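Chain residues, written in single-letter form:
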Amino acid sequence: MQALKQHEIPGRVSLFSGKGGLPAVRIETAWSLAEIYLHGAHVTRFQKTGEPPLLFLSEASQYDADKPIRGGVPLIYPWFGGRDGLPAHGTARITSWDLTETRVLPDGRVRLRFHLPSADGPEVDYVVTVGSSLTMEFTVANTGTADVTFENCLHSYFHVGDIRRIGITGLRGVAYFDCLLAATRTETAETLRIAGEVDRTYQNTAATVEIHDPVLGRTLRVRKSGSLSTVVWNPWIAKSQRMPDFGDNEYQTMVCVESGNIAEHAITLQPGIRHSLQVEVDDLPLDRGWD
Ligand code: TA6
């Protein structure tokens, strides 16, 4: 922890011992507050002054070195989903990342850079910029001599007032793999409503997704670049009860809208090539007409 102190910036960036004794960084800006654990370079909090948090974080989350934190923005790399005998969703989210740079930008936003320690393989960096919005950039650079292939995803958990009342827009006409049906469908709804477990990987879409929340009176906007997959997930009741690090009723106040490159959109980099996945999250007043 002492070595990390060099990255503190009075009034802007402070280090603290988080839950489970895991080292974490608190960022304060003129517009917002954020917290990031070095474990997984995991953004666990983003909250604008005077507003409810934009990100959901489970009250039941475990804070163990070998488990992912439940909520916030888990970093999914180098694979998405299960792999026999390997950690689900890859190793990045259960690895302690190095904090390599912190600085205040001329416009007052705070930028932090993290590096994924790796003896071999691509160079992986993660840059988080905190201001009136939250911007996250996940980059992979192939510094080797052979092609590398990977999946990646910013598995963002958003805080909503009531899952049954939200509407999700931006996905109409997009084909998706429905994990519950194990079948491909096309989204026909202009506004996606959630009234049960949903686990869909929308493919070949670079679209901005908006989460309209009449209970909290806001629209969460998820803009992305370098991503062709968007996942929408809510565990609903039965799956929530099976998850030890997730409260039985927490499904009611969260929804995942995840941005990455999954399955047929896995990324292959030739030597010397770099890929950037970027997501920006902010919120707007709710448009009139949302019930
Ligand atoms: O969000 C998509 C998904 O793959 C779901 O199937 C569900 O498993 C979720 O990720 C959470 O996965 P985790 O390994 O974090 O419990």
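See above for the structure.
Participant: Even after reading the chapter, I still don't get the site of the ligand, so can you show me in this structure?
Facilitator: Around the ligand lies a shell formed by Arg70, Phe80, Ala88, His89, Arg93, His155, Asp199, Val231, Trp233, Lys239 and Glu258. Within the side chain of arginine 70, an N or O atom sits 2.9 Å from an oxygen atom of the ligand. The contact in question runs from an oxygen atom of the ligand to an N or O atom on the side chain of glutamate 258, over 2.6 Å. Its free accessible area being 390 Å², the ligand has 80% of it covered by the protein chains. Residues that form the shell around the ligand fall into these classes: four nonpolar, two polar and five charged.

Participant: Looking at this structure, how should I read the side chain of glutamate 258?
Facilitator: Summarising the element assignment, glutamate 258 is placed in strand S21 (residues 254–261). The charged side chain of glutamate 258 is buried without a salt bridge, its nearest counter-charge being arginine 93 at 8.5 Å. Apart from residues no more than four positions distant in its own chain, glutamate 258 is found in contact with Phe80, Cys153, Leu154, His155, Ser156, Ser229, Thr230, Val231 and Trp233.

Participant: Any chance you could explain the pattern of salt bridges here in plain terms?
Facilitator: Any two side chains of opposite charge can pair if their charged atoms end up close together. Enumeration over the complete set of coordinates arrives at 18 salt bridges. Among the salt bridges present, the one from arginine 218 reaches glutamate 51, with a minimum N-O distance of 3.8 Å. A residue pair is termed long-range when its members are at least 10 positions apart, and arginine 218 in strand S19 (residues 218–225) and glutamate 51 in the loop between strand S4 (42–48) and strand S5 (75–76) qualify at 167 residues. Between glutamate 187 and arginine 200 there is a salt bridge, and its shortest N-O distance comes to 2.8 Å. Highlighted residues: glutamate 187 in the loop between strand S15 (183–186) and strand S16 (191–192) and arginine 200 in strand S17 (residues 198–203), separated in sequence by 13 residues.

Participant: I would appreciate a short explanation of the sheet that holds S4 in the present structure.
Facilitator: The strands that make up a sheet pair up through hydrogen bonds in the backbone, lying either parallel or antiparallel. Read across the sheet, four strands follow the order S1-S2-S3-S4 without closing on themselves; strand pairing throughout is antiparallel. Edge positions in the sheet fall to strand S1 (13–17) and S4, since each has one partner strand and no second. Mean inter-strand twist for the sheet, computed between neighbouring axes without regard to direction, equals 20 degrees. In this sheet, strand S2 (residues 23–28) lies alongside S1 in antiparallel orientation, the contact comprising five bridges. Across the sheet, valine 13 pairs through a bridge with isoleucine 27, a residue of S2.

Analysis parameters
- Along every chain, residues carry numbers that run from 1 in the direction the sequence is written.
- Whole-chain, interface and lining totals are the exception, using all residues; otherwise, since this is a predicted model, local features are given only for residues with pLDDT of at least 70 and side-chain atom pairs are given and counted only at 80 or more.
- To get the side-chain values, take all heavy atoms of the structure and skip hydrogens and water.
- Here, proximity means that at least one heavy atom of the residue falls within 4 Å of the molecule or strand.
- Polar contacts here mean pairs of N or O atoms no more than 3.5 Å apart (in protein, one a potential hydrogen donor and the other a potential acceptor; neighbouring residues in sequence count only if both atoms are side-chain atoms).
- Accessible areas in this description were obtained via Shrake-Rupley with a 1.4 Å probe; residue shielding takes into account the shown protein chains only.
- Nonpolar residues are Ala, Val, Leu, Ile, Met, Phe, Trp, Tyr, Cys and Pro. Charged residues are Asp, Glu, Lys and Arg, and all others, Gly as well, are polar.
- Secondary structure is summarised from DSSP: a helix means a run of H or I of at least four residues, a strand means a run of E of at least two, and numbering begins at the N terminus for each.
- Exposure is judged per residue with a 1.4 Å probe applied to protein chains only, and the accessible area is read against the type maximum: over 50% gives exposed, under 20% gives buried, and values in between give partly exposed.
- Neither His nor the chain ends is counted toward charge; the positive residues are Lys and Arg and the negative residues Asp and Glu.
- Salt bridge, as used here: a side-chain nitrogen of Lys or Arg that lies within 4 Å of a carboxyl oxygen of Asp or Glu.
- For this analysis, residues touch if any pair of their heavy atoms sits within 4.5 Å.
- For two strands to pair, DSSP has to find at least two bridges joining them.
- Angles run from 0 to 180 degrees between N-to-C directions of axes, and those axes are lines fitted to C-alpha atoms, restricted for helices to the stretch in contact.

Read these as spatial facts, not as claims about activity.
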